[in-house]
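As a plain string of letters, each chain reads:
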Amino acid sequence: MSLDFEKPIIKLEEKLSQIKEIATKSGKNLDKEALSIEKKINDLKKDIFSKLTRWQKVQLSRHPKRPYFLDYIYKMTDEFIEIHGDRLSKDDKAMVGGLARVNGRTMMFIGQQKGRNTKERQYRNFGMANPEGYRKALRLMKIAEKFNKPVICLIDTPGAYPGIEAEQRGQAEAIANNIKEMITLKVPVICVIIGEGASGGALGIGVGDRIFMMEYTWYSVISPESCSSILWRSWDYKETAADALRLTSKDLLKQKIIDGIIKEPLGGAHNDPNKAAGILKKKIIKEVEVLEKIDSEKRIIQRVNKFSSMGITND
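Residues numbered from 1 in each chain as written. Predicted model: local features only at pLDDT ≥ 70, side-chain atom pairs only at ≥ 80, totals over all residues. Heavy atoms only, no water.

## Quick word on the overall build of the chain
Put simply, the test is: Elements are defined by DSSP. Helices are runs of H or I of four residues or more, strands are runs of E of two residues or more, and each kind is numbered from the N terminus. The size measure is the radius of gyration over C-alpha atoms, and the globule rule it meets is 2.2 Å times the number of residues to the 0.38 power. Between buried and exposed lies partly exposed: a residue is buried under 20% and exposed over 50% of the maximum accessible area for its type, with that area taken using a 1.4 Å probe on protein chains only. By definition, residues are in contact when any of their heavy atoms lie within 4.5 Å. Per-residue accessibility takes into account occlusion by the displayed protein chains alone, with areas from the Shrake-Rupley method and a 1.4 Å probe. Positive charge is attributed to Lys and Arg, negative charge to Asp and Glu, and no charge count is given to His or to the chain ends. Taken as the charge location is NZ of Lys, CZ of Arg, CG of Asp or CD of Glu.
Broken down by element type, the chain carries 14 helices and eight strands. Here the C-alpha atoms of the chain give a radius of gyration of 21 Å, agreeing with the 20 Å that 2.2 N^0.38 yields for 315 residues. By its C-alpha atoms, the chain is 65 × 50 × 45 Å across when sized along the principal axes. In the chain, which comprises 315 residues, the proportion classed as buried is 51%. By sequence separation, contacts in the chain at least 24 residues apart represent 71% of the contacts at least 6 residues apart. Carbon and sulfur atoms form 52% of the exposed surface of the chain, whose accessible area is close to 16000 Å². Of the side chains in the chain, 55 bear a positive and 42 a negative charge, and the two mean positions are spaced by 2 Å.

Below, the structure written as C-alpha cells:
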C-alpha cells in the first residue's frame, strides 16, 4: 500500500525492478540504465519529501509499513524482556514495556504498539491504551527508578482509549498520575514520538528530560480529523485543521515544545526501517550518556522548569 504522493516513486521503483529482472534473465549488462533510474528515484524523493504538507506528514506517520514500537525494540536492542500487568486489574496489550539491553547498557523501554492486520489491531486495541496500560507503564518506570535505569518512551498512539469502561476505571486519573510521577522520576527519561502523538494518550508516557520527534510524525492535543469534526462537523476540513494545529516536528521545535527532530531515511522510516532504527538508537545512547552526568535533583528541577515554561509567550 502506498500514499498518493508516493505513487510516482513506486512506478519508478517497479521499473527498476523490471530492469534488474531482465538483466538477470538475459545476462545483459544494464547497470547504466539501473543507475539512471536509481538517480531519478532519489531526486524524485528529495523533491516530493521537501514539499510535504502537514496533512501529508500526518499520513506518513500512519503509513501501514511504518515501524512500530516492537519493530524498533527488536532492531535496536540486543535483548528484550517484556514485563506484563499493572498488578491491579490486567495486562493492557496496547501498552508494551520491559527491560532491554542496548550496547551492553540496560534501559527500560515503554511504548504503544499498533497492529499490522485486523487481528493484531484488535489485540492491541489499535494502540489505544486503557487505564491499566498507563498504570503498567508507571509500574515499569518505578522499577527503572529502583534499579537506576533510564526510561525510554516511544510514543505512537491515536489517543487513550475513549470508551465508557475506560473512563469508569479511571482513565483521566491514570494519565494525570503518570504525568505527576514522571515529573519527579530520579532517572533519565527520554520520550520520542515515533508515529502519532495524540492528546492525553501521548502525554501519559510523554513527560521527560528530552522530548524528540521522528521527522514525519505529529504531536497535538487532537487529531486533524477530530478537530475538523468539532469545528466544521465534517472530516472534509482535516487538511485545514492540520495546518491550523501546527502539529509537525518542525512546528513543535519552533514552539519549543520538543528538544529536537530525529531525521528519517529518505522517503520515510518505512522505506528503510533498519536505518531508521540505527539513527534512533544512536540518538538514545547519546542523550542517555549526557543525562546520566547530571545530578538527579538538578535533572528533576530542569524537567519541572521545562514543562512549566511551555505555552508562555511574551505577546
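We are not done yet, so read on.
## Regarding the environment of Leu 99
Mapped onto the secondary structure, Leu 99 falls in strand S2 (residues 95-102). Here Leu 99 falls in the partly exposed class, since its relative accessible area comes to 29%. Each C-alpha atom of the pair Leu 99 and Ile 143 lies 9.6 Å from the other, and the pair is 44 residues apart in sequence. If we skip the residues at most four places from it in the chain, Leu 99 touches Glu 79, Phe 80, Ile 81, Ile 83, Thr 106, Met 107 and Met 108.

## A few points about the pairing of strand S5 (residues 189-198)
The cut-off we apply is this: For two strands to be treated as a pair, DSSP must find no fewer than two bridges joining them.
Buried residues dominate S5, accounting for 10 of its 10 residues. Inspection of the sheet shows strand S4 (residues 151-157) paired to S5 by six bridges, in the parallel sense. Bridging from a neighbouring strand, Leu 154 pairs with Val 192 of S5. Bridge count for S5 against strand S6 (residues 210-214) is four bridges, and the pairing is parallel.

## Focus: the packing of helix H6 (residues 131-146) against helix H8 (residues 171-183)
Let me state the cut-off plainly: A fitted line through C-alpha atoms serves as each axis, taken over the contacting stretch for helices, and the angle formed by two N-to-C directions is quoted from 0 to 180°. To sort the angles, those under 35 degrees are grouped as roughly parallel, those over 145 as roughly antiparallel, those from 65 to 115 as roughly perpendicular, and the leftovers as oblique. Two helices that cross are described as forming a left-handed crossing if the nearer one is turned anticlockwise from the farther one by less than a right angle, and a right-handed crossing if clockwise.
Remark: H6 packs on H8, axes separated minimally by 8 Å, with the N-to-C direction vectors making an angle of 20 degrees. Considering the angle they form, H6 stands roughly parallel to H8. The interaxial crossing formed by H6 with H8 has left-handed handedness. Only Gln 171, Glu 173, Ala 174, Ile 175, Asn 177, Asn 178, Glu 181 and Met 182 of H8 make contact with H6, whose side of the interface consists of Pro 131, Tyr 134, Arg 135, Ala 137, Leu 138, Met 141 and Lys 142.

## Quick look at helix H14 (residues 296-308)
What counts here: Expected span, for any helix, means 1.5 Å times one less than how many residues it has. The arc in question is formed by the directions pointing from the helix axis toward the C-beta atoms. Polar contact criterion, stated in full: a pair of N or O atoms within 3.5 Å, where within protein one must be able to donate a hydrogen and the other to accept it, and residues adjacent in sequence count only if both atoms are side-chain atoms.
The end-to-end C-alpha separation of H14 is 18 Å, in line with the 18 Å expected for 13 residues at 1.5 Å each. Those residues of H14 lying buried are Arg 299, Ile 300, Arg 303, Lys 306 and Phe 307. In an axial view of H14, the angular spread of the buried residues amounts to 125 degrees, which keeps them on one side of the axis. Packing partners of the buried residues in H14 comprise H8, S5, S6 and helix H13 (273-292). Two to three positions downstream of the cap, the backbone nitrogen of Glu 297 sits 3.1 Å from a side-chain oxygen, assigning the N-cap of H14 to Asp 295.

## Considering the state of the cysteines
So the rule is basically this: Count a disulfide wherever a pair of cysteine sulfur atoms falls within 2.5 Å.
One pass over the full model with this rule turns up zero disulfides. Of all cysteine sulfurs in the structure, the one in Cys 153 sits closest to Cys 191, which takes part in no disulfide; the separation is 4.6 Å.

## Examining the packing of helix H4 (residues 69-76) against H13
Selection rule: Charged residues are taken to be Asp, Glu, Lys and Arg, nonpolar residues to be Ala, Val, Leu, Ile, Met, Phe, Trp, Tyr, Cys and Pro, and polar residues to be all remaining types, Gly included.
Relative orientation of the contacting elements H4 and H13 amounts to 75 degrees, with a least axis distance of 9 Å. Relative to H13, the element H4 is oriented roughly perpendicular. In this structure, H4 contributes Tyr 72, Lys 75 and Met 76 to the contact, and H13 contributes Pro 273, Asn 274, Ala 276, Ala 277, Leu 280, Lys 281 and Ile 284. Grouping the constituent residues of the contact of H4 with H13 by class yields seven nonpolar, one polar and two charged.

## Details of the environment of Ala 277
Position of Ala 277 relative to the elements: it lies in helix H13. Using a relative accessible area of 2% as the deciding quantity, one classes Ala 277 as buried. Sequence separation of Ala 277 and Tyr 74 is 203 residues, and the distance between their C-alpha atoms is 9.3 Å.

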